[in-house]
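Structure at a glance
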Amino acid sequence: MERTDLRAATRAAVRPVTPRQRAARAASNGGEPTLDFGGRVPYDAYVQASTLHRLQAPLSDDPGEMSFLMVSQIMELYFGLTCHELREAQRHLRADRIWDALAPLRRAALHLEGLNAAWNGLRWMTPADFNRFRNLLGEGSGFQSAMYRHLEFLLGLRDEALIRPFRRQAEVYAELRAALAAPSLWDDVVALLARHGHEVPAELLDRDVTGEHQPHPAVEAAWVRIYDEEAGPENHLRLLGEALTEVAEQFGDWRWNHIKAVQRTMGAKVGSGGSAGLAWLQRSMARVVFPELWSARTAM
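As a starting point, this report considers the structure included with it. All of these numbers come straight from a predicted model, not from anything done at the bench.

Here's the deal with the packing of aromatic side chains
For the structure shown, the criterion picks out eleven aromatic pairs. Grouped by ring-pair contacts, the aromatic residues Phe79, Trp119, Tyr148, Phe251 and Trp254 constitute a single cluster. Above the face of the Tyr227 ring, Arg297 is positioned so that its terminal group lies 5.4 Å from the ring centre. Sitting above the plane of the Trp294 ring, Arg297 keeps its charged end 5.5 Å from the centroid.

Observations regarding the nonpolar core
Core analysis: the biggest nonpolar cluster contains 58 residues, and Trp223 and Phe290 have the highest contact counts within it. Within the residue set of this core, elements represented by two or more residues are helix H5 (64-94), helix H6 (98-118), helix H8 (146-155), helix H10 (185-195), helix H12 (217-228), helix H13 (236-266) and helix H14 (278-284). No other element matches the twelve residues that H13 contributes to this core. Non-local contacts of Phe290, meaning those with residues more than four positions away in its chain, are made with Leu155, Leu185, Trp186, Leu244, Val247 and Ala248. With seven residues, the next largest nonpolar core counts Phe153, Ile163, Leu176 and Leu180 among its residues.

Remarks on the environment of Val190
Here Val190 shows up in helix H10. By relative accessible area, which is 4% here, Val190 ends up buried. Residues Val190 and Leu205 lie 15 residues apart in sequence; the distance between their C-alpha atoms is 7.5 Å.

Looking at unusual backbone geometry
We note that Gln48 has phi near 60°; this positive angle belongs to a residue other than glycine. Among the secondary structure elements, Gln48 is positioned in the loop between helix H3 (42-47) and helix H4 (49-52). With phi around 60°, Asp96 is a residue other than glycine that occupies positive phi space. Structurally, Asp96 is set in the loop between H5 and H6. Overall, the relative accessible area of 36% leaves Asp96 in the partly exposed class.

Examining a nonpolar patch on the surface
There is a patch of nonpolar side chains on the surface, built from Phe37, Val41, Tyr43, Tyr46, Val47, Leu52, Leu55 and Leu77 and spanning about 820 Å² of accessible area. A total of three residues in the nonpolar patch trace back to one element, the largest contributor, which is H3. Position of Leu55 relative to the elements: it lies in the loop between H4 and H5.

Conventions adopted
Residues numbered from 1 in each chain as written. Predicted model: local features only at pLDDT ≥ 70, side-chain atom pairs only at ≥ 80, totals over all residues. Heavy atoms only, no water. Phe/Tyr/Trp six-rings, centres within 6.5 Å; stacked < 30°, edge-to-face > 60°. Lys NZ or Arg CZ within 6 Å of the ring centre and 35° of its normal. Core = buried A, V, L, I, M, F, W, Y, C linked by side-chain atoms within 4.5 Å. Buried < 20%, exposed > 50% of the residue type's maximum accessible area, 1.4 Å probe, protein only. Helix = DSSP H or I, 4+ residues; strand = E, 2+ residues; numbered from the N terminus. Contact = heavy atoms within 4.5 Å. Patch = residues over 30% accessible without salt bridge, like charges linked within 9 Å, V, L, I, M, F, W, Y side chains within 5 Å. Areas by Shrake-Rupley, 256 points an atom, 1.4 Å probe, with all protein chains shown as cover. Salt bridge = Lys/Arg side-chain N within 4 Å of Asp/Glu carboxyl O.

Below is the structure:
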């Protein structure tokens, strides 16, 4: 079902209730919850819980596989939710509404914190536990998560080669190409710095955004000046810097937790998707999110 169709169906099933109607229902129930409904339970119509709980199809009879599968699905939902928040932040930054961008950035950091906590659901898994169903996954790997690629692209980590696995999934591939061609959140931040009087070279503002941003001393200098200014509620850019730092830090924690999970469950074995596994993840961590925001701290 398309998202617009789902939204229409949900609105039809969940009828708006005014505060007065809610109070009248509570009074008629004697303070007890409503137990009788004319159709689908409103909570299920809104959350789609019954659908969510039918989306698990384990490939083995091993009871531990359900943990692996559902934690992976939870992480996918968090990837999508974080992307939603970062796009909302971009919308505000492009309109120079810095204050308004802070809320979705803070929410994104909290969602990433929840994403990190999801790893705890797999801390029980040893290599022997994973091996009981790993071969059944074939070449399936988290490396192939399209939504994770969207998240990386939004954060400025860009590699066109990584969308190749999706070439035969026309809609997914088109969405990834569009995401790659659009400015990242960091590109929008750099453009914002220029509009607020910081000296940003034209080649940075006009660069091909499909390539990964390379750290530039002018952007680093801009952040040094921003943080050197007297702190106060009027220093919007400093507050923006701190919100971005929290997002980058939480994302970095997720990548580190991923490495630890791989070490715990499979050591340095070759990855399911054909990569070098642990070595690939370790190299990936060297790519820094919002690099000048970190390097500027050395000069402060």
